[in-house]
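# Structural features, examined
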Amino acid sequence: MTVPLPAHTDPVVGRLLSDPLLPELGHGLGGPYHLLLPDAFDANAAAFRKVLAEAGVDGRVYFAKKANKASVFAERAATAGLGVDVASKGEMREALAAGVRGGELVVTGPAKADELLRVAVLHGALIAVDALDELDRLDMTARELDRTARVLLRVLPPDQPHSRFGLDGNDITAALDRLGGSAVDLEGFSFHLSGYDTGQRADLAAALVRLCHRARDLGLRADRISIGGGFAVDYVGGADWQRFEESSRPEHFHAAKRFTGGFYPYHSPVAGADALRAVLAAVPVGEDATLAELLRAADVGLLVEPGRALLDQAGFTVFRVQGVKERDGYAILTVDGSSLSLSEQWFGSEFLPDPVLVPARREAVARTGPYPACVGAATCLESDLLTWRKIPFPTPPAVGDLLVYLNTAGYQMDSNESPFHELPLPPKVVVEPTANRFRWRLDRHPA
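Right, let's walk through the structure included here. (Residues numbered from 1 in each chain as written. Predicted model: local features only at pLDDT ≥ 70, side-chain atom pairs only at ≥ 80, totals over all residues. Heavy atoms only, no water.)

### Brief notes about the layout of surface pockets
Stated precisely, the cut-off is as follows: Throughout, the protein atoms alone are placed on a 1 Å grid, and a set of points is a cavity if a 1.4 Å probe fits but cannot get out or a pocket if it is open with protein on both sides within 12 Å along at least five of seven lines; lining residues have an atom within 4 Å of a point. Grid points are joined across faces, edges and corners, and a volume is the space filled by probe spheres set on the points. In the scheme used here, Gly and all other residues not listed as nonpolar or charged are polar, with Ala, Val, Leu, Ile, Met, Phe, Trp, Tyr, Cys and Pro taken as nonpolar and Asp, Glu, Lys and Arg as charged.
Its boundaries defined by the atoms lining it, the largest pocket holds a volume of some 1,000 Å³. Lining the largest pocket are 41 residues, with Lys66, His192, Tyr196, Gly230 and Tyr411 sitting closest to its centre. Looking at the lining of the largest pocket residue by residue, the class counts come to 16 nonpolar, 17 polar and 8 charged.

Below is the structure:
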């Protein structure tokens, strides 16, 4: 039998799980939906800013918009004075419509389209340049517009030489040589780094500080660096995660499923803003001072671009059970939606925290469980399962019950959404608590 893997739940989410709002929304919307909690986003943003202030570092937080399309998070970013990290003209348009000013945008992503570069220059956005040809196109665009392009040069991490992102050492030298007399203002350097190793981030950040010194010697501005995102989220307790890792076997999953993509580290003892604190407190290799001290001494600002970490506890996803099929020692539930609305399963992986069962009937159900069940979706594909793992539910799931997947706002809600089978996309519902009830509205994003 697979072990339970309960998700962390904050007090507001705990209240909602027992509130009649959830079944009422399911009835009114006629299908699955994503529920958004923007107050949690605000709290996470404040925590990141607090870390920067405590470290005495001149820093700026950008929300990585790709992590969730909802308009409300861009709106909250604008209100709080955060920047927004965008990677397409559509994301830029949405951020600007939410009230984020052009100078508070950073444009990332590889091989940006000419039109995106043009609009970014016109709005005075900061642009992370990923290749020499992109730098040349950007210079040409800025000259044609009689503007100056604001640029970070994205550096290829030496520990990840096969990454498709960034400029290697020779490219950096060539880029610095081209910047003199160009229409490009080099504001600094950035990197895209996979994984969640805080020490590795501090080491590479220190290398970017050294690059700033090198660029300044050439008469270039170079007064900031970006370390991107990669701040882990702690979804489950440490003891629960350890038990899962030690006991997990293929037979704990429907059809003895094996996962080629591995699993996200759902427990992280250092997560969110605390991960940024750890990066700033680390002493990089070859240095005798912390990263925060190096930044202050060099008068270099720090940009961070969290997505998932700003969305921790900022939303969850609700499905209704519409079928229960008994198998050998476990059940297969079918819900009224698609696993395309819970994206981890479409990366050769699994969203592991247990969904919470909210019974449609409020009378007590005698607990003689656990009742193991996996969760399938409403399409005709064998691979369309929201949860392959046989979840040990405390009470028997039944038709009409709700399954609540907690903490899904970061990347899970819409990275791979699709109206396959003409199933409508789950709407996003913005919920804000008041003294004695919850208020709700539909998010304004056109999708």
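### Overview of the packing of aromatic side chains
In plain terms, the rule: Between the rings of Phe, Tyr and Trp (Trp by its six-membered ring), a pair exists once the centres lie within 6.5 Å; its type follows the angle of the planes, with under 30 degrees stacked, over 60 edge-to-face, and the other angles tilted. Every helix listed is a DSSP run of H or I at least four residues long, and every strand listed is a run of E at least two residues long, numbered separately from the N terminus. Only protein chains enter the accessibility calculation, which uses a 1.4 Å probe; a residue whose area is less than 20% of its type maximum is buried, one above 50% is exposed, and one in between is partly exposed.
In the structure shown here, the tally under the stated rule is 17 aromatic pairs. Here the aromatic rings of tyrosine 266 and phenylalanine 351 are separated by 5.8 Å at their centres, their planes lie at 85°, and the arrangement is edge-to-face. Of this pair, tyrosine 266 sits in the loop between α10 (238-247) and α11 (272-281) while phenylalanine 351 sits in the loop between β11 (331-335) and β12 (356-358), and the two are 85 residues apart along the sequence. Accessibility classification places tyrosine 266 together with phenylalanine 351 in one group, the buried group. Centroid distance phenylalanine 319 to tyrosine 405: 5.9 Å. Interplanar angle 90°. Geometry classified as edge-to-face. Highlighted residues: phenylalanine 319 in strand β10 (residues 315-326) and tyrosine 405 in strand β15 (residues 402-405), separated in sequence by 86 residues. We classify phenylalanine 319 as buried; its relative accessible area is 1%.

### A closer look at the state of the cysteines
Keep this limit in mind: Cysteine sulfurs are considered disulfide-paired once they come within 2.5 Å of each other.
What the rule picks out here adds up to 0 disulfides. Cysteine cysteine 374 is unpaired, with the sulfur of cysteine 380 as its nearest cysteine sulfur at 17 Å.

### Let's talk about the pattern of salt bridges
Side-chain pairs of opposite charge can arise whenever the charged atoms involved come near each other. For the record, the criterion: For this analysis, a salt bridge means a side-chain nitrogen from Lys or Arg found within 4 Å of a carboxyl oxygen belonging to Asp or Glu.
Across all of its chains, the model carries 29 salt bridges by this definition. Close ionic contact of arginine 101 with glutamate 104 constitutes a salt bridge, the shortest N to O distance being 2.8 Å. Residue classification places glutamate 104 among the buried positions, given a relative accessible area of 14%. The salt bridge partner of arginine 243 is aspartate 240, with a shortest N-O separation of 2.4 Å. Taken together, the residues span about one helical turn, with arginine 243 and aspartate 240 both in helix α10 at a distance of 3 residues. Given a relative accessible area of 42%, arginine 243 falls into the partly exposed group. For aspartate 240, a relative accessible area of 17% corresponds to the buried category.

Such coordinate-based values are descriptive only and should not be taken to indicate function.
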